[in-house]
Every structure is written in C-alpha cells, then in structure tokens.
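# Topology and contacts: notes
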Amino acid sequence: SDVTMFFHLIVLSILGASMLWGLRLIYGRHRIQNDETLLFILTIAAWVLILSGVAFVCGPFIFVFALIIFAMVVAQYRESERRSLLWTLSLAAERGIPLAHAARSFSSDRIDEMGRRARVLADLLDAGMPLPEALKRSRNPVPRDIELAARLGYATDSLGPTLRAAAQRGEAAANVAHSYYSAFLYLILAVNLMLGVITFVMIQIVPTFETLMNDFGVEAPKITQAFIAASHFFAQYGVFLAPLFVLAHLALLYALLGYMGVRLPDIPLLRRLTGVSDSSIILQSMSTSTQQGRPLVESIELMAHWYPISSVGTNLAIAADRIRSGQNWCDVLESLKLVRKTDAAVLKSAERVGNLPWALEELATAAARRSGFRSAANARFVAPIVALIIAIPIGMFAVAMFMPLVKMIEVHTM
C-alpha cells in the first residue's frame, strides 16, 4: 500500500543519513589513502537513499526545486572552501612553506570531495607539477584572474604576493558576481515562469472563455479580442516560438551555473555587468611587477601570453610591441582601451614623481571598486524589471477576462 511504501522510503532516507554519519565517523578517525574510491561510492549511495525518500515525500515538482537549491548551497560551500585553499597556498608561498605541505594540511581530517581534491593537488605538487596545471588536474577550478596570477607568479618567482593580491581581489569580485547572478537568476526564472503561464493561458484558458462568450452571445472587448487573436496565432504558429523557449531555458541554466560558481564561457557584456574588470587585473599585475623592480613591458608580455581571454591577450601583445618600438606605455594602454584616459594621466604623473607602484595599486583597487558599484547598480535595476515582467501580463489578462465575465453575468441574470 501507499502507507507501506511511504514508510519504506522514509526508512531509506534514515539509512542514507546513518551511512553518511558512519562514514564521517570511521574515515574521519582512520584515514586510509587507498579507500578513496570506496568512500566516494558509499557517499553517492548514501545520498541516493536520502534523495529517494525526500522525492517521494515532497513530490516531483517540489523535489526538483529542492534539489536545485541544494546544489546551489553545495556549490557555494565548495566555492568558499576553494577560496580558503587559495588563501592557504598564498600564505604558504609567502612564508616559504612547500605548497604540497600546505595542501596536505588543508585536506587533513577531511573526508569530503574538497579534501580528496586537495590531497590530489598535494600529490601533483609533490611530483613537480606547477600550481596552475596542478589545480586543473586536481579539479580545483579557479577564476581566470587567479589562474593568471598563479602563472605570472611562477614566471616571475613571486607566487606569494601575486597570489595573495589575486585572492583578495577575487574574493571581492566573487561576492559582487554572486549578488549579480542571483538577481539575474531571479529575472530569468521569472521570465521562464511567465512563458509557461502564458503558454497555458493561450492554449487552455482563452479558448474556453471564447467558447463561453459565444454561448452567451457576448461581444468581447477590444483587449479580450486581442488575447483571443493572440491565442489563435499561438495555436497556429506556436511551434516557431520554440527557439525562444530554448533560449530562455539556456539563459536560466547559464544564470544557475553562474550563481553556483561554475566557470562559464566568457561573454563580454556579462563580464562587464558582473563586475569583472580587466583593467583592475592588468594594473594589479603591473603593480606587483614594478614593486619587484621588473620592467613593465616584461609584465605586459607575460600577461599577453597567459591572459585567459584571447581578445585582451591580443591587445596586450600589441601593446608590448608598441612599447618595444618606443611609444609611451601609458598612451599605448589608453589607445587600446586597457586603461581609462584619467588613469593614464595619473600614471604619467606618478611615473614622473617616482611613486608608480603605489599609483598602480591604488588605480587597480579603484577599478575593482568601480566595477563593483556598477554591478550593484545593475543588480538593483533588475528588481523593477522583474516586477514589470510579472505584473503587466497578469494585469492585462485579469482585465481581459474580467470584463467579458461581468457581461456574461449580466446576461445570465436578465
């Protein structure tokens, strides 16, 4: 019976939770390196048992939403743990501690996925693999600017300060991007829900109202006639709107993955809206280079080689060639839109008075802060857009259906 099945599935959830507790208790006290695969399989089995019971109790619709929320929480937790690992590595590099030892200390007494990946990272570092490649091979993805900082730090033998500055900048940028993606996700989710509601209304509700009005002999108002015409158009040509639905769902998936911290393909417009500043990254890297007494053109050439966005890397390569040919580096960066005109003027003055490293550092901080303010403003602008997207169709439909309903009641009472 249903009651028996309900009881059995609840027992499965309890069994899965007990398995997770037992794995943490046993593996947390007795770390056996060869049991990584077994631990992973048992953990997956435990979560399958838990989710099976939850799916039956909540129902499929609520379960899907609960699963999405759970995935978002887990992704944010892993992102925070990954930032903690980066801070550990940057501090270890600054103090001369082997990175492999720092990664292994981070993974000690941990039986979760982050602990396993940190142990793999430590093994790769022990084998002599550079940090950027080791992070990729151990499935510890990092933002593009931190990957660039790690590569530049290795190339210039300044991994500690370079990685620490990138970690500081990356944490602020991650918070800004998270707030923007949450607003963007809310907007896209509202659009998808409205598309679903409009589809249902046009296929089921409006034709029913049209039949009722014809039975009562009521002439439809203009706004109702518009909805009826739209319903007929939707019924005949709705298949051609399929790309719009696909695009809306792809945008929803993109927003969801971005909110979860997944590294996504670069879209220049979204990159600017989410607060990522290329000029901030470039200025910060140049500041670190000047503090070490290295030529600026050398720093620009290294960034051109390793910059994770090809268009920016191409501009940096062009800038390096022009600087090598004798052009002023501030004018070159300004002409290629790598820095603002006001920033270029400040850098020229700072170079003349001999405080260029300080100026580069301050301008990098100001650029990151400016991008954050712009992203916050864009996120606040999303709220009224969402309200309008939800309110306008609902209001128009309510008016279109209420007016003929009143006429039908009057006809029936006469």
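Structure's up top.
The residue numbering used here restarts from 1 in each chain and proceeds along that chain's sequence as written. Side-chain atom pairs in this predicted model are given and counted only at pLDDT of 80 or more, local residue features only at pLDDT of at least 70, and totals for whole chains, interfaces and linings cover all residues. Computation of side-chain values: all heavy atoms of the structure, hydrogens and water removed.

With that settled, the discussion passes to the overall build of the protein. When helices and strands are tallied, the protein shows 17 helices and 0 strands. Burial classes: relative accessible area under 20% of the type maximum marks a residue as buried, over 50% as exposed, and values in between as partly exposed (1.4 Å probe, protein chains only). Classification of the 414 residues of the protein by burial places 40% in the buried group. Every residue pair with non-hydrogen atoms within 4.5 Å of one another is taken to be in contact. Excluding contacts between residues fewer than 6 apart, the proportion of contacts in the protein whose partners are at least 24 apart in sequence is 65%. Helix numbering and strand numbering both begin at the N terminus, where a helix is a DSSP run of H or I of at least 4 residues and a strand a DSSP run of E of at least 2.

Our focus in this paragraph is the side chain of Arg117. For Arg117, the position within the fold is in helix 5 (residues 113–126). Owing to a relative accessible area of 8%, Arg117 belongs among the buried residues under this scheme. Residue contacts for Arg117: discarding those within four places in its chain leaves Arg78, Arg82, Ser138, Arg139 and Asn140.

This part is about the nonpolar core. In this description, a nonpolar core means a group of buried Ala, Val, Leu, Ile, Met, Phe, Trp, Tyr and Cys residues linked to one another through side-chain atoms lying within 4.5 Å. Leu316, Trp329 and Leu347 are the most contacted members of the largest nonpolar core, which totals 33 residues. With sequence-adjacent residues up to four places away left out, Trp329 is seen in contact with Met286, Leu296, Ile323, Leu347, Glu351 and Leu356.

A few words on unusual backbone geometry. In the Ramachandran plot, Lys337 falls in the positive-phi region, its phi being about 60° despite a non-glycine side chain. Here Lys337 lies in the loop between helix 15 (329–335) and helix 16 (341–353).

Further remarks concern the pattern of salt bridges. Salt bridge, as used here, is a side-chain nitrogen of Lys or Arg placed within 4 Å of a carboxyl oxygen of Asp or Glu. If you walk through the whole model with that rule in mind, you get 7 salt bridges. Across the salt bridge formed by Glu301 and Arg324, the nearest N and O atoms sit 2.9 Å from each other. Of this pair, Glu301 sits in helix 13 (residues 296–306) while Arg324 sits in helix 14 (residues 310–324); the two residues are 23 residues apart in sequence, bridging distant segments of the chain. For Arg324, a relative accessible area of 54% gives the class exposed. We note a salt bridge from Lys348 to Asp331, for which the minimum N-O separation is 2.5 Å. A residue pair is termed long-range when its members are at least 10 positions apart, and Lys348 in helix 16 and Asp331 in helix 15 qualify at 17 residues. Exposure remark for Lys348: the relative accessible area of 27% places this residue in the partly exposed category. What emerges from the salt-bridge pattern is a single network uniting Arg104, Asp123 and Asp126.

Residues spaced three or four apart along an α-helix face the same direction, because each turn holds 3.6 residues. Across its 13 residues, helix 16 extends 19 Å between first and last C-alpha, which sits within 8% of the 18 Å expected from 1.5 Å per residue. Residues of helix 16 that are buried: Asp343, Ala344, Leu347 and Ala350. One side of helix 16 carries all its buried residues, which in axial view fall inside an arc of 125°. Every exposed residue of helix 16 that faces more than 90 degrees away from the buried side is listed here: Lys341, Arg352 and Val353. Positive backbone phi, at 90°, marks Gly354, one or two positions downstream of helix 16. What a helix is expected to span follows from its residue count: subtract one and scale by 1.5 Å. Comment: arc refers to directions from the helix axis out to C-beta atoms.

From the geometry alone we can't say anything about function, so treat these as descriptive.
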